[in-house]
Amino acid sequence: MVTGNGTFKFYRVNEANSLKNTHNAITKKESHISNNYTCHAWLPDGRLLVCTDQGEIMLLESDGSYKMLLSDSPGDGFHIECILTFTKGFIIGGDNGRIYIYEKSEDPKVPYTQFPPLPSPGGEREKVEYAELMQGVMTSRVKCIALSAADDMIVFTSENNQIMKAAISTDRANDECRYEYAIFPFHSRAIQGMDICIKKNLVATCSIDKTVRIWNNANPGPLQLEICEVFNDEAYSVAFHPTGFHIIVGFTDRVRMMNVFKDSLKPFQTIGIKGCREIRFSNGGHLFACASQNHINVYKFYTGENNQDLIYKAHNGPVRCIHWFDDDSGFISGGWDGNVFTWKLYTDKTNVQDQNPKSAFTIKNFQFASVANKPDSKSIIFATGVDK
């Protein structure tokens, strides 16, 4: 069977092992039922269930003919995204993080009865980890459902890229059912920045989902989420101080300098650079460089100073990568203008031979995304990027 928006195809395998189309539509169904068929499933007894974008569940006979509209269908415009059958009935998932469990009954007029939807009101009231992020799950559509072999655990994925789980009972109403993260909260949108702490087993990530997260990679296996801080703006870049006690994050409207505590991030200073896409701490941690469109601004971390001698201009397009030399005497930059420059932190203004940039490399119609130098060498540079 094939279903879709305005599409219903029912096929049988004939004696020649080829498919024969026996139905091109669900005939005899009520006219008010939507023709946008979102998912379907075979029941253990050979009959079929077909769901719609308006919360309707239709029961079809094994030959593809229409039987009835289930009276306990969610309705009310509830977009049913997925369906899963099990020995006692079936489960559906859709809008607003809702899951419904149906159990087979002996009444031919009401062949399946509905349990209260998940999560239960009692489960929602309980204090849960990452409550603010859980709101994102409850406003997202359930995309896929799996049930454990013992029928006591549902695992599902949501439209905001999370993997969730819920302990359930298929024999009675789930009065205290609540959702939990199967592993930990993932970023729900693209990760824009990442940095590794030199002296601690910590990794920082930031995303356009408006969160900044600190992960622990001390133990073998997956990273463990230590801190998840939600902000009002999208985050584009992040840099970890070598000590692990501070991070700097580039947001839509400004750059924020923050202290890293046990379970939170606390801003202590801001810089007026909008949409900063690259931030890098020097190896000693006393300086950091921020990309400000075509320019690079270097700041003294402990004082926040940035005088005119620490502003570097040569790129004709956005700067997208910065890498400090081992001794912090300068750095390399690459941009979307196809240029890679090397810079000396302090130059002799009176010496014509000692001016920035110290060296340049250009490829037309190329966007550099990452640069690095060979250890103990300032003249051997590696750079990667993409053709326009």
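Structural data are supplied above this passage.
> When you look at the overall build of the chain in this model, what are you seeing that I'm missing?
If you tally the helices and strands in the chain, you get two helices and 33 strands. Computed over the C-alpha atoms, the radius of gyration of the chain is 29 Å, more than 25% above the 21 Å expected from 2.2 N^0.38 for a compact globule of 388 residues. C-alpha extents for the chain along the principal axes are approximately 95 × 50 × 35 Å. Relative to all contacts within the chain whose residues are 6 or more apart in sequence, the contacts with residues 24 or more apart total 42%. Of the roughly 19,500 Å² that the chain leaves accessible, carbon and sulfur atoms contribute 48%.

> Would you mind going over the sheet that holds strand S1 (residues 2–4) with me for this structure?
Whenever strands of a sheet pair, they do so through backbone hydrogen bonds, lying parallel or antiparallel. The three strands are arranged S1-S2-S3 in an open sheet whose pairing can be described as antiparallel. Two strands close off the open sheet at either side, each with one partner strand: S1 and strand S3 (19–23). Direction aside, neighbouring strands of the sheet carry axes that sit 25° apart on average. Here strand S2 (residues 7–13) runs beside S3; their pairing, made up of four bridges, is antiparallel. The residue of S3 that forms the bridge with Val13 is Leu19.

> Sorry if this is basic, but what is going on with the pattern of salt bridges here?
Side-chain pairs of opposite charge can arise where the charged atoms are in close proximity. Scanning all chains against the criterion turns up 13 salt bridges. Arg47 is paired through a salt bridge with Asp45; the nearest N and O atoms lie 3.2 Å apart. Looking at Arg47, the relative accessible area reads 18%, which means it is buried. Taking relative accessible area as the criterion, Asp45 reaches 38% and is therefore assigned partly exposed. Note that Glu278 is salt-bridged to Arg280, the shortest N-O span being 3.8 Å. Salt bridges sharing partners connect three or more residues here, namely Glu81, Asp95, Arg141 and Lys143.

> I'm lost on the pairing of strand S20 (residues 235–240) in this one. Help?
Look at any regular strand and the pattern is simple: side chains alternate between the two faces of the sheet. Counting buried residues in S20 gives six out of six residues, a clear majority hidden from the surface. Sheet topology places S20 next to strand S21 (residues 246–251); five bridges connect them, and they run antiparallel. Paired with Phe240 across the two strands is Ile247, which belongs to S21. Joining the antiparallel neighbours S20 and S21 is a turn of five residues, in which Gly244 adopts a positive phi near 85°.

> Would you mind going over the environment of Asp328 with me for this structure?
Position of Asp328 relative to the elements: it lies in the loop between strand S28 (319–324) and strand S29 (330–335). Sequence spacing of Asp328 and Lys388 is 60 residues, and the spatial spacing of their C-alpha atoms is 32 Å. Setting aside anything within four residues of it in sequence, one finds Asp328 in contact with Ser282, Asn283, Gly284, His286 and Leu345. Of note is the side chain of Asp328, whose polar atom sits 2.9 Å from the backbone nitrogen of Asn283.

> Explain the sheet that holds strand S4 (residues 37–42) here, please?
An order of S4-S5-S6-S7 is seen for the four strands of this open sheet, with the pairing classed as antiparallel. What marks the edges here is a single partner per strand, and that holds for S4 and strand S7 (66–69). Across this sheet, the average inter-strand angle for adjacent strands is 25°, counted without regard to direction. Where strand S6 (residues 57–60) and S7 come together, three bridges link them in antiparallel fashion. For Met58, the partnering residue across the bridge sits in S7 and is Leu69.

> What should I look at first to understand the packing of aromatic side chains in this one?
Scanning all chains against the criterion turns up 22 aromatic pairs. Between the NZ or CZ atom of Arg256 and the centre of the ring of Phe251, over which it lies, the distance is 4.6 Å. Seen from the ring of Tyr236, Arg277 lies directly overhead, with NZ or CZ sitting 3.8 Å from the centre.

> It is not clear to me how the environment of Gly244 should be interpreted in this structure. Could you clarify?
With respect to the element layout, Gly244 can be found in the loop between S20 and S21. In contact with Gly244, not counting residues within four places along its chain, are Cys197, Lys200, Leu202 and Val260.

> Would you explain the nonpolar core in this entry?
Note that soluble globular proteins tend to have their nonpolar side chains buried in a common cluster. With 26 residues, the main nonpolar core has Ile99, Ile101, Leu118, Ile145, Ile154, Phe156 and Tyr179 as its most contacted residues. Not counting residues within four places of it along the chain, the set of residues in contact with Phe156 comprises Ile99, Val142, Cys144, Ile145, Gln162, Ile163, Met164 and Tyr179.

> Which parts of the structure should I look at to understand unusual backbone geometry?
Keep in mind that most residues, glycine aside, have a negative phi and that most peptide bonds are trans. Cis geometry marks the peptide bond from Leu118 to Pro119; its omega dihedral reads -5°. Across the junction of Asn356 and Pro357, the peptide omega takes the value -10°, indicating a cis bond. The residue Pro357 is located in the loop between strand S30 (339–344) and strand S31 (359–362) in this model. Non-glycine residue Asp76 carries a positive phi angle of around 55°.

Each value, and the rule that gives it
- Residues numbered from 1 in each chain as written.
- Predicted model: local features only at pLDDT ≥ 70, side-chain atom pairs only at ≥ 80, totals over all residues.
- Heavy atoms only, no water.
- Helix = DSSP H or I, 4+ residues; strand = E, 2+ residues; numbered from the N terminus.
- Rg over C-alpha atoms; globule rule 2.2 N^0.38 Å.
- Contact = heavy atoms within 4.5 Å.
- Areas by Shrake-Rupley, 256 points an atom, 1.4 Å probe, with all protein chains shown as cover.
- Pairing = 2+ DSSP bridges.
- Axes fitted to C-alpha atoms, helices over the stretch in contact; angles between N-to-C directions.
- Salt bridge = Lys/Arg side-chain N within 4 Å of Asp/Glu carboxyl O.
- Buried < 20%, exposed > 50% of the residue type's maximum accessible area, 1.4 Å probe, protein only.
- Polar contact = N/O pair within 3.5 Å; in protein donor to acceptor, adjacent residues only side chain to side chain.
- Phe/Tyr/Trp six-rings, centres within 6.5 Å; stacked < 30°, edge-to-face > 60°.
- Lys NZ or Arg CZ within 6 Å of the ring centre and 35° of its normal.
- Core = buried A, V, L, I, M, F, W, Y, C linked by side-chain atoms within 4.5 Å.

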